[in-house]
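# Remarks on the overall topology
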Amino acid sequence: MLTRRHVLTAATATLAGAMLPRRLWAGSKLALGPVQIDTLSDGSLVLPGDFILGGMPQEEMAAIVAKYGLPTDQQTPPCNVTLLRDGTHTVLFDVGSGPDFQPSAGKLAEAMEVLGVAAEDVTHVLFTHGHPDHLWGLLDEFDEPVFPSAEFVMGQAEFDYWMDPATVDSIGEARASFAVGAARRLAVIADTVRLVGDGDEVLPGITARLTPGHTPGHLAWEIGTAGAMVVGDAIGNHHVAFERPDWASGSDQDGALAAATRVALLERLAAEGIPMIGYHLPGGGIGRVERAESGFRFVET
């Protein structure tokens, strides 16, 4: 197994004859046999701290977050889109935010350009879930799929949830726009999307694993050919989610279920030493889980 850190750079255009600063794309590479996995930065989010940290024991939470040099009033998690190439398939796991969610995100196309991967090269898009930062990059400004040659794959439970007209009224006011945006985008691919369930092998060696709680039908993707797992938002940060995975997070739609999922997933990843890719984890998101004195720790590779 070979792992190495790399940084991708993309120069911006000139303005009034002056060169603007170059944007840096932090990412990771994991090469295992014939399979190469890259993480591509879609930018980052800017979220109020309570969106993630709300409802936790505040004093203990603040002490954990402070250990990582982070504030509690605002969180700016990175967004890591995973790209897998095996010589036959070019697979994206999620598609980022697109231009309509937050100005700090939606940068996937620029990162793909640096790697020399065109949208037409993508053969499959496997979704973890339907939140804006994972799904809204599906369509272009003409409401056409950005990846015209790709087969789209989503969990049946996840698709049904976002396409249910009742979801917008039950999800809560803060997330109502999530439901509207997901339904609009999924409607475009509704006739062609491949819907799968827990344990389904969607490509040779790539298996869906139901990891619910963050959303009702959230999927992680186990890449058996590479001995790795794309965990999406089942493990949503590198601090409290590891040190206190049993705590409910404000970012999860079902906090108790998400916590149980997170504990079980971390237990397995630590016990089996499986490399993981987390959507909102630092340094490109590729690393391993280790047990700590209390809970677990994320170790970048």
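Look up a bit, the structure's there.
Rules and cut-offs
- Residues numbered from 1 in each chain as written.
- Predicted model: local features only at pLDDT ≥ 70, side-chain atom pairs only at ≥ 80, totals over all residues.
- Heavy atoms only, no water.
- Helix = DSSP H or I, 4+ residues; strand = E, 2+ residues; numbered from the N terminus.
- Rg over C-alpha atoms; globule rule 2.2 N^0.38 Å.
- Buried < 20%, exposed > 50% of the residue type's maximum accessible area, 1.4 Å probe, protein only.
- Contact = heavy atoms within 4.5 Å.
- Areas by Shrake-Rupley, 256 points an atom, 1.4 Å probe, with all protein chains shown as cover.
- Axes fitted to C-alpha atoms, helices over the stretch in contact; angles between N-to-C directions.
- Parallel < 35°, antiparallel > 145°, perpendicular 65-115°, else oblique.
- Left-handed = near helix turned anticlockwise from the far one by under 90°.
- Nonpolar A, V, L, I, M, F, W, Y, C, P; charged D, E, K, R; others polar.

A count of helical and extended segments in the protein gives 9 helices and 19 strands. Taken against the 2.2 N^0.38 rule, which gives 19 Å for 301 residues, the C-alpha radius of gyration of the protein at 18 Å falls within 12% of a compact globule. Principal-axis analysis of the C-alpha atoms places the extent of the protein at approximately 45 × 45 × 45 Å. Out of the 301 residues belonging to the protein, those deemed buried represent 52%. Pairs at least 24 apart in sequence give 67% of the contacts found in the protein among residues at least 6 apart. Here the protein displays about 12,600 Å² of accessible surface, and carbon together with sulfur accounts for 53% of that area.

Let us now look at the packing of helix α5 (residues 156–163) against helix α7 (residues 176–189). Running from N to C, α5 and α7 cross one another at 115 degrees; their axes reach a closest spacing of 8 Å. In terms of their interaxial angle, α5 and α7 are classed as roughly perpendicular. As α5 runs across α7, the sense of the crossing is left-handed. Here Phe-159, Trp-162 and Met-163 of α5 lie close against α7, whose contacting residues are Phe-178, Ala-179, Ala-182, Ala-183, Leu-186 and Ala-187. The residue inventory of the contact of α5 with α7, partitioned by class, reads 9 nonpolar, no polar and no charged.

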